[in-house]
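# Remarks on the overall topology
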Amino acid sequence: MGAAPQITPTERVAEFRRTFARAEAEVGKVIVGHQDVIRKTLTALFAGGHVLIEGVPGLGKTLMCKTASDALGLSFKRIQFTPDLMPSDIVGTQVLTEADGRREFHFKPGPIFAHVVLGDEINRATPKTQSAVLEAMEERQVTVFGITYPLEPPFMVLATQNPIELEGTYPLPEAQMDRFLFKAVMGSPKPEELREILNRTTGATTHSAQPIFTPMDAPVAIEHLKALVREVMVAEPIERYVIGIIGACTPNGPGAIPEVSQYLRFGPSPRGAQALILCAKVNALLDGRVSVSYEDVADGVAPALRHRLLRNFQAEAENITTDSILDQATKRLKKPRA
Amino acid sequence: MTPVVINPVEQIVAARSRLKQVAALRAGLALCVPALTALLLAATLRAIGAATWGRVGYVLAPARLGGLRLALLIAGLAALAGCALMAWQAYREADDLMDAAERVDEAVDGHQEIVTLASLAGPSESPAQRAQQTPLFPLLWRRAAGYLERFDPNSAFAFEVRSPLTRSLPIAAVMVVVLAAAALALVRPPTAEQLEARKLRAEAEQLAGSPSSADKELASKILAAANALENPDLPPREKLERLAEAMSALQRQQQQQGPSPQQSAKNASGSGSGNGKGNSEKGSGQDNGQGQGSGNSQGKGQGQGEGQGQNPNGPKGKQQIVELRNDLSKAQAQIETGAGSKSDAPKPGQGDKGNALKPGTNPNEKGPSQQPDALAQGSLPRPDSSAKGQMPSGGAKSGKNEKGGHGDTHLGEFPVPENFQRFYKPGQGPPIEIRDARYVLFRLPTEVVSASGGKIVPDTNRPTASVPYANVPLKAEPLDATPQERQLVPPRYRDLIH
C-alpha cells in the first residue's frame, strides 16, 4: 500500500462518494434493480467484510458479484461449491514439478487467491470444504502444508446460497456465518425490472461495466478508501446505541425484548457490533459526513445482524423471521438521550 | 467585513450553561405553586376563618387553627426548600456536555456531528490533543461550526414555565382539597365564650380606630380580654382577671367622659331592679375586699346594666361603652357558668338537695345559683368585677345569707382563716344545721348484733363521740415540722380532737 495522497479530508470524502457512486452506477448498468444488495455489497467491500447473498436461482447473484469486481478493476474468481469439492480445490495445493532434472513441490494457488472470490452455492459443499474458507475470510491468509500464504488486499468473499432445494446441502455453521459482514437477501424483481432484464439480456446489445480503476491501481485506491472508512468518527452515545441494539437482540440479555427471548436461541456476537459500526461509517461517508449518526446505524441493522441470530424451534415453526425480530427490537430500542 | 469565527465547543458550553439554568428553573417551578399556595393559605387562614364565621356561622377551632396555620407554613417553607433543592439538583445534573451537545444537535439537525465533536473535543481537550484525533477531525470541526454559525442557545432553549406550572397545579389542587377537608373537620359551632369574644373583638377594633389614646388603651385591654376568652388553655380565673382589667379600664374611661353608668342607671327608670336582693346591696360595696361569694353582687350588676341601657340621654360613645359593659358582663357570666359546670358542681336545679357544698350551690345562698335562667339566656346583664370590689368582704357579717360563702370545694382541704375570719366553736354563734356542716361525723353503734342472732357483744374498743355533729375546724397541732401532706382525718378520730 502506497503513501496516502496529499489531499484534504474534504477531497478524500468527495473521492469516496464519487467512487462509490460510480461503482453503483457501473453495476447498475448490468444488474437491474437490487440497488440495496448492490449498495450493501459495495459497502462491505469498503468496510473490509464479506457478504452472503441469499436468493433463489436466476436472480443474478453471480453476475452481480462479477460485475462489481469488474467495475472496481479487481481480480475475480468463482468457485462452484459442490459436495465433492475439496479444500485444496479452494486454497490450492503443492504440485510436483520437474525442472532441470529435479523434482520439486511448487504451490499452486487455488481460486481463493483473488480480490473478489465468489463462492457460488456455498451451502452445497461439505463442512470440511466450507471450513477451508474460514481462515481465508478471517485471517486473509491460507496455510497449505504448513506454509502460510497471505491473500492480497482487498480480499472479499461473496457467497451465495439458495434458500430452497435444501436437500443435499450443508447449512453453514454458525462460526462461518458470523464471518460474513452482511447477509443480503435478493428478492424477485418487480415487473418493470423484469421487463428491463428481458430487454437487456435478450437483445443484441450487451451490457458490461466499465472499470473505475485499472487493475494496477485498484487495490491501492480501494485500500485508501477503506482507510478513510476507518477514520470516520463515532461518538460515545452512538456506541452505546449499538451496544443497546446488540443487548436487545440477545436472549435474556439486558434490554432484550420479549420476542427475542421467545424466539431466539442465540444473539449476535461482538462481530455484529463491529459490522454495525463499519456499515454506519460507510453510510456516513456516503452522506458526506465524517461522523456516524443514529440513522447510519439503524440502516445496517438488518443486513449486519439477521444471519447472526439463531432462531429456536418455535420461531421456525411459527415462521418468525430474524428480520421481523430485528425490526421489533430496533423500534422499541430508545436512543441513549431519548 | 471580518467573518465571525465560531468555536463550536464554546457554543456547546454556552448551551450547557443555558440548559442548566432552564433545568433548574423547570425543576424549581415544579413545586413552586404548591409552596406558594401553602404560604398563601397560611397567610389568609385567619381571614378564611373569619369568612367562615361571617358567612357560614361556623368557627374554626382557634387552637387547631394555629396548628393548621403552622402546618401550612411549615409545608410551604418545606416546599420552597424542596424547590431550591430540586433546582440545585437539576442544575447539577444538567452539567453534562454530552447531553448539551445532543440537545444542540437536535436543535440544529446536526446528525450527531455536534455530539461527535463534543465527545472528541471537550473543553478539557487541548489543541494538541485535538490535533491527534483522526485526520477527518478538522472537517468535523468546520461542519460543526457551520451548523452553529447562527445558533443562539438563549433562543433555542427558552425558559418554558407553562409545562412545569401545569404539572404542579394538580399538587396545589390536592393541597387545597386537603386543606378544605381539614377545615371542614375543624369547623364547629361557636361556643358562647367565642361569641362574646368576637363581639368584644369587633368593638375593640372599632375603638382602636379612634384617635384617642385612652380609647386605644381600652381597645387593647378589651382585645386582651377577647383573646383570653378564646384561649382554651387559660384557666377561668385568668380570663376573669382579664375581663376585670378591661372592665376597670372601661370604668376609668367612663369616669373621664361623665357620669357613671351606675348613676345613670339609678336615675333611669329603674327597670334594672330585676333582682331585689341585688339592688339592696348596690351601694354597700365600697371597700376592696376579696369576696368570692358573688351571688348578691351579680344581682346588682343586672340592675346596673339594664338601667344604663335604658338611659336615653347618653351620647353615642356612652352607648358604646354601655354595650361594652354588657358584653363584658356577659362574658364574665359565661366564664363563671362554664367554671361552675367544669367543677362537677350540681346543676342549679339540684342545688337544694344538699349533695355538696360548692360555691354558689349552697342552698342557703342567694345568688347566681338561684338565677340560672337569667344567666343561661344572657338576657340580663351579669355582675361585673367592680361590683365584686364593692361587695363587702367577710360576708359573715352581713348575715345568714353569707354563711356559705366560704364553702370549700374539696374534702380534706381545710379552709385557712384570714385575719378577720374566725370559726365558731361548738355552742357559739347562731344555731347550725346539718346542712351547714362542713364535715359530718357519724356516730356508729357501739354494739354489734351478732349475725347469728346470738349474744350481743359491745364493742368496747370503739371510741364514742361526745357531740352528734359539729362544724369545727380541727385543732391545729403544734408540730415542729411542717407536715408533708394533709389528709382527711378518719371520722372515727375526729371527735377525739378538741
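Residues numbered from 1 in each chain as written. Chains lettered and ligands numbered in written order. Predicted model: local features only at pLDDT ≥ 70, side-chain atom pairs only at ≥ 80, totals over all residues. Heavy atoms only, no water.

### Thoughts on the overall build of chain A
Using the following cut-off: We count a stretch as a helix when DSSP gives it H or I for four or more residues in a row; a strand needs E for two or more, and each element gets its number in order from the N terminus. In this scheme, a residue with accessible area under 20% of its type's maximum is buried, one over 50% is exposed, and one in between is partly exposed, where area comes from a 1.4 Å probe on protein chains only. By the convention used here, residues are in contact when the closest approach between their heavy atoms is within 4.5 Å. Only the protein chains shown count as cover for residues, and the accessible areas themselves come from Shrake-Rupley with a 1.4 Å probe.
For chain A, the count of helices and strands is 15 helices and 11 strands. The buried share of chain A, reckoned over its 338 residues, is 52%. Restricting the contact set of chain A to residue pairs at least 6 apart, pairs at least 24 apart contribute 76%. Surface exposure of chain A reaches about 15800 Å², of which carbon and sulfur atoms provide 54%.

### Notes on the overall build of chain B
Broken down by element type, chain B carries 19 helices and four strands. For chain B, the proportion of its 498 residues judged to be buried stands at 38%. Contacts in chain B between residues far apart in sequence, at least 24 positions, make up 76% of those at least 6 positions apart. In the structure as shown, chain B presents an accessible area of about 28500 Å², 55% of it carried by carbon and sulfur atoms.

### Quick word on the environment of Ala 280 of chain A
Residue and element names in this part refer to chain A. Along the chain, the position of Ala 280 falls in helix H11 (residues 270-286). Taking the C-alpha atoms as reference points, Ala 280 and Ala 47, separated by 233 residues in sequence, lie 9.7 Å from one another. Non-local contacts of Ala 280, meaning those with residues more than four positions away in its chain, are made with Val 292, Asp 296 and Val 297.

### Quick look at the interface of chain B and chain A
The line we're drawing: Here the quantity called buried area is the total loss of accessible area, with a 1.4 Å probe, experienced by two parts when brought into contact, counted for both. Any carboxyl oxygen of Asp or Glu within 4 Å of a side-chain nitrogen of Lys or Arg constitutes a salt bridge here. We define a polar contact as two N or O atoms separated by no more than 3.5 Å, with the added condition that, inside protein, one atom must be a possible hydrogen donor and the other a possible acceptor, whereas residues neighbouring each other in sequence contribute only through side-chain atom pairs. Residues are sorted three ways: Asp, Glu, Lys and Arg are charged, Ala, Val, Leu, Ile, Met, Phe, Trp, Tyr, Cys and Pro are nonpolar, and all the rest, Gly among them, are polar.
Each partner contributes to the interface: chain B provides 20 residues, whereas chain A provides 22 residues. Roughly 1700 Å² of surface becomes buried between chain B and chain A when both sides are summed, with 63% attributable to carbon and sulfur atoms. Summed over the three residues of chain B that lose the most area to chain A, namely Glu 102, Gln 112 and Leu 136 of chain B, the buried surface amounts to 33% of that side. At the surface where chain B touches chain A, the tally comes to zero salt bridges. Along the contact surface separating chain B from chain A lie four residue pairs in polar contact (both at pLDDT 80 or more). Where the side of chain B that touches chain A is concerned, the elements lending two or more residues are helix H4 (97-108), helix H5 (113-120) and helix H7 (137-147) of chain B. Residues of the side of chain B that touches chain A, tallied by class, amount to eight nonpolar, five polar and seven charged.

### Topic: the sheet that holds strand S9 (residues 182-185) of chain A
All names here are of chain A. To keep things clear, this is the line we draw: A pair of strands is treated as paired once DSSP finds two or more bridges between them. Helix axes are fitted only over the stretch in contact, all axes being lines through C-alpha atoms; the angle between N-to-C directions runs from 0 to 180 degrees.
One open sheet accounts for five strands, arranged S2-S5-S8-S1-S9; its pairing is parallel. Every interior strand has two partners, whereas the edge strands, strand S2 (76-80) and S9, have only one. Between one strand and the next, the sheet's axes are offset by a mean angle of 20°, whatever the strand orientation. Both strand S1 (residues 51-54) and S9 contribute to a ladder of four bridges, which runs parallel. By the bridge assignment, Val 51 is partnered in S9 with Phe 182. Together, S1, S2, strand S5 (116-120) and strand S8 (156-161) form the strand contacts of helix H3 (residues 61-72), whose direction differs from that of S5 by roughly 175°.

### Notes on the side chain of His 307 of chain A
With respect to the secondary-structure elements, His 307 of chain A resides in the loop between helix H13 (301-305) and strand S11 (310-311). Contacts of His 307 of chain A, omitting those with residues within four sequence positions, involve Met 177, Phe 180, Leu 181, Phe 182 and Lys 183 of chain A.

### Some details on the packing of aromatic side chains
Residue and element names in this part refer to chain A. This is how it is decided: Working definition: rings of Phe, Tyr and Trp (its six-membered ring) pair if their centres are within 6.5 Å, and the pair is stacked with planes under 30 degrees apart, edge-to-face with planes over 60 apart, and tilted otherwise.
Overall, the coordinates contain eight aromatic pairs over all chains when judged by the stated rule. A centroid spacing of 5.1 Å and a plane angle of 85° characterise the contact between Tyr 241 and Tyr 294, whose relative ring orientation is edge-to-face. Taken together, the residues Tyr 241 in helix H9 (residues 236-248) and Tyr 294 in helix H12 (residues 294-299) connect sequence positions 53 residues apart. Overall, Tyr 241 belongs to the buried group, its relative accessible area being 5%. Relative accessible area serves as the criterion here: at 3%, Tyr 294 is assigned to the buried category. By the ring-pair criterion, three or more aromatic residues cluster together here, those being Phe 16, Phe 20 and Phe 46.

### Focus: unusual backbone geometry
Residues and elements named next belong to chain A. The omega angle of the peptide bond from Pro 153 to Pro 154 is -10°, so this bond is cis rather than trans. Position of Pro 154 among the secondary structure elements: in the loop between strand S7 (147-150) and S8. The phi dihedral of His 34 is positive, around 55°, even though this residue is not glycine. Mapping His 34 onto the fold places it in the loop between helix H1 (9-30) and helix H2 (35-47). Look at His 34 and you get buried, because its relative accessible area is 12%.

### Regarding the confidence of the model for chain A
Rules: Per-residue confidence from the predictor is reported as pLDDT, a score between 0 and 100.
Chain-level pLDDT for chain A is 87 on average; 97% of the residues reach the 70-or-more range. For chain A, per-element mean pLDDT is lowest for helix H6 (residues 174-177) of chain A, which scores 82, and highest for H11 of chain A, which scores 93.

### Topic: the confidence of the model for chain B
Residues and elements named next belong to chain B. Per-residue pLDDT for chain B has a mean of 67; in total, 51% of the residues score no lower than 70. By mean pLDDT, the top-scoring element of chain B is helix H1 (residues 8-30) (87), and the lowest-scoring one is helix H14 (residues 276-279) (37). Ignoring residues within four places in sequence, the model shows residues 342-408, a span with pLDDT below 50, making 120 contacts including any to other chains.

### Overview of the pattern of salt bridges
Residue and element names in this part refer to chain A. Within the structure shown, the criterion is met by 27 salt bridges over all chains. With a closest N to O distance of 2.8 Å, Arg 308 and Asp 178 form a salt bridge. Residue Arg 308 is found in the loop between H13 and S11, and its partner Asp 178 is found in the loop between H6 and S9; the two are separated by 130 residues along the sequence. Here the two residues Arg 308 and Asp 178 agree in accessibility, since each one is buried. Connected via shared salt-bridge partners are Glu 138, Asp 178, Arg 179, Arg 271 and Arg 308.

### Looking at H11 of chain A
Residue and element names in this part refer to chain A. Filter applied, for reference: Expected helix span is taken as 1.5 Å per residue step, with the number of steps being one fewer than the number of residues.
When the terminal C-alpha atoms of H11 are compared, their 25 Å separation across 17 residues agrees well with the 24 Å that a helix rising 1.5 Å per residue should span. Burial within H11 is extensive, with 14 of its 17 residues counted as buried. Two residues or fewer after H11 comes Gly 288, characterised by a positive phi angle close to 85°.

### Thoughts on H5 of chain B
Counting buried positions over the eight residues of H5 of chain B gives seven, a clear majority of the element. Listing the buried residues of H5 of chain B in full gives Glu 113, Ile 114, Val 115, Thr 116, Leu 117, Ala 118 and Leu 120 of chain B. Structurally, H5 of chain B contributes buried residues whose contacts are with H9 of chain A together with H1, H4 and H7 of chain B.

### Focus: the nonpolar core
In plain terms, the rule: Remark: nonpolar core denotes a set of buried residues (Ala, Val, Leu, Ile, Met, Phe, Trp, Tyr, Cys) joined through side-chain atoms within 4.5 Å.
Counting residues in each nonpolar core, the largest one holds 107 residues, and the members touching the most others are Phe 16, Met 64 and Leu 72 of chain A. Ranked by size, the runner-up nonpolar core spans 26 residues in total, among them Ala 125, Ala 136, Val 142 and Ala 159 of chain A.

### Regarding the pairing of strand S4 (residues 102-109) of chain A
Residues and elements named next belong to chain A. Of the strand pairs in this sheet, strand S3 (residues 92-99) and S4 are connected by eight bridges, and their pairing is antiparallel. Counterpart to Thr 93 in the pairing with S4 is Lys 108. What sits between S3 and S4 in their antiparallel hairpin is a turn of two residues, with Asp 100 showing a positive phi close to 55°.

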